[in-house]
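# Topology and contacts: notes
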Amino acid sequence: MRQRIGLFFLVFFLIGFISCGGKKTSADGNADPQNKDTNAVKQTSTNTFAQDTMLSSLKPLLEKGLDKWIQSFPNFHIDSFRQSDIREFQVNDYREVSGMGQFYALYQPSLSYSPDSSQFIDLYSSGISLEKKGKKIIAIGDVDQAVTLCNLKTKSWKSIISFGPSAGMEEVVWISPVKFILAGTMQNDEGKHQPVLLLGNTEERSFRWFEANLIRNEESKYEASGFSKLKIDEWE
């Protein structure tokens, strides 16, 4: 009889141990959400620190290269920006590099060259068609925009990112022969223009996308520096 009782308690103990062992589970049988949330918080905190440091280190350069763009946003501060996305370049063929004489004649003043002059970024030719008639430059505009990157060494010219009518890039600042910043805006749900900064890398072919909860002053008279250099006489 004692042997049977002892065997019963041994089996009961083993069943209880197995049911309590292993991973902690929630009431619905999933992994313990408290442990999962702790890991997520640690990861987010680490990434946020690295991202903020990256933009903060560029503060002097951005304040110099984007001074008028920055002034169009009241209470602008670089630490207001947070990385929201990482995107790869589109890398779609745009144009042939050979025979660019006519292109240069119309768009060269607005192009932004890398420090070693091996590459340039073009913000306008995809969305603004220019034609010279007599002494006048006539323009036809499009609501969409594609930012293009031309590598003069490899003879490659690609569209690397595109935007619809609610967003667009306005300025370019090169920070090394392979890294650059695109500065622009996108409209929020109320139609207000908020700033966006895209940190591009031509070697990694990717963008780090930064956003801030700032609103452009509606009374701002800001005009993109490259656009003003196009010297457009008339629009059709």
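Only a predicted model underlies this, so the values are computations on that prediction, with no experimental measurement involved. (Residues numbered from 1 in each chain as written. Predicted model: local features only at pLDDT ≥ 70, side-chain atom pairs only at ≥ 80, totals over all residues. Heavy atoms only, no water.)

### Details of the pattern of salt bridges
For the structure shown, the criterion picks out six salt bridges. Where Glu-236 meets Lys-133, a salt bridge forms, and the shortest distance between an N and an O atom there is 3.2 Å. Taken as a pair, Glu-236 in the segment after strand S13 (234–235) and Lys-133 in strand S5 (residues 128–133) lie far apart in primary sequence, 103 residues in all. The exposure class assigned to Glu-236 is exposed, which follows from its relative accessible area of 59%. Among the salt bridges present, the one from Arg-216 reaches Glu-170, with a minimum N-O distance of 3.0 Å. One end of the pair, Arg-216, is in the loop between strand S12 (206–211) and helix H6 (225–228); the other, Glu-170, is in strand S9 (residues 167–174), with 46 residues separating them in the sequence. Note on accessibility: Arg-216 and Glu-170 belong to one class, buried. (Salt bridge = Lys/Arg side-chain N within 4 Å of Asp/Glu carboxyl O. Helix = DSSP H or I, 4+ residues; strand = E, 2+ residues; numbered from the N terminus. Buried < 20%, exposed > 50% of the residue type's maximum accessible area, 1.4 Å probe, protein only.)

### Topic: the sheet that holds strand S7 (residues 145–151)
A sheet is described by the order of its strands in space; here five strands give the open sequence S2-S8-S7-S4-S3, paired in antiparallel fashion. The outermost strands of the open sheet, each flanked by one partner alone, are strand S2 (92–93) and strand S3 (112–113). Relative to S7, strand S4 (residues 119–122) is paired through four bridges, and the arrangement is antiparallel. Of the residues in S7, the one forming a bridge with Ile-121 is Leu-149. (Pairing = 2+ DSSP bridges.)

### What about the side chain of Thr-148?
With respect to the helices and strands, the residue Thr-148 is situated in strand S7. By relative accessible area, Thr-148 is classed as buried at 0%. Within polar-contact distance, the side chain of Thr-148 engages the side chain of Trp-157 at 3.1 Å. Here Thr-148 is in contact with Tyr-94, Phe-120, Ile-121, Asp-122, Trp-157, Lys-158 and Ser-159, once residues within four sequence places are set aside. (Polar contact = N/O pair within 3.5 Å; in protein donor to acceptor, adjacent residues only side chain to side chain. Contact = heavy atoms within 4.5 Å.)

### Thoughts on the nonpolar core
Counting residues in each nonpolar core, the largest one holds 53 residues, and the members touching the most others are Leu-182 and Leu-197. Considering each element in turn, this core owes the most residues, five residues, to strand S10 (residues 179–187). Apart from the residues within four sequence positions on either side, Leu-182 is in contact with Ile-121, Leu-123, Val-147, Ile-161, Met-169, Glu-171, Val-172, Val-196, Leu-197, Leu-198 and Phe-207. (Core = buried A, V, L, I, M, F, W, Y, C linked by side-chain atoms within 4.5 Å.)

### With respect to the sheet that holds strand S1 (residues 82–88)
Here five strands make up an open sheet; going across it, the order is S1-S12-S11-S10-S9 and the pairing antiparallel. Where the open sheet ends on each side, the last strands, each with one partner, are S1 and S9. Looking at each pair of strands side by side, their axes are set apart by 25° on average, direction ignored. Sheet analysis places S9 next to S10, joined by seven bridges and oriented antiparallel. Paired with Gly-168 across the two strands is Thr-185, which belongs to S10. (Axes fitted to C-alpha atoms, helices over the stretch in contact; angles between N-to-C directions.)

### Structural notes on the environment of Lys-158
Note on placement: Lys-158 falls in strand S8 (residues 156–163). On the basis of relative accessibility, which here comes to 21%, the residue Lys-158 falls in the partly exposed class. C-alpha separation for the pair Lys-158 and Arg-95, spaced 63 residues apart in sequence, amounts to 7.3 Å. Apart from residues no more than four positions distant in its own chain, Lys-158 is found in contact with Val-91, Asn-92, Asp-93, Tyr-94, Val-147, Thr-148 and Leu-149. Of the polar contacts made by the side chain of Lys-158, one reaches the side chain of Asp-93; its length is 2.2 Å.

### Details of the pairing of S9
Most of S9 sits inside the fold, with seven of its eight residues counted as buried. Counting the residues between successive antiparallel strands, the hairpin from S9 to S10 contains four residues.

### Notes on the packing of aromatic side chains
A complete count under the given rule lists 19 aromatic pairs for this structure. Taking the centre distance of 6.3 Å and the plane angle of 20° together, the rings of Phe-103 and Phe-120 count as stacked. Taken as a pair, Phe-103 in helix H5 (residues 101–107) and Phe-120 in strand S4 lie far apart in primary sequence, 17 residues in all. With a relative accessible area of 0%, Phe-120 lands in the buried category. Between the aromatic rings of Phe-120 and Trp-157, the centroid separation amounts to 5.6 Å while the plane-to-plane angle is 80°, which identifies the pairing as edge-to-face. In this pair, Phe-120 sits in strand S4 while Trp-157 sits in strand S8, placing the two residues 37 residues apart along the sequence. (Phe/Tyr/Trp six-rings, centres within 6.5 Å; stacked < 30°, edge-to-face > 60°.)

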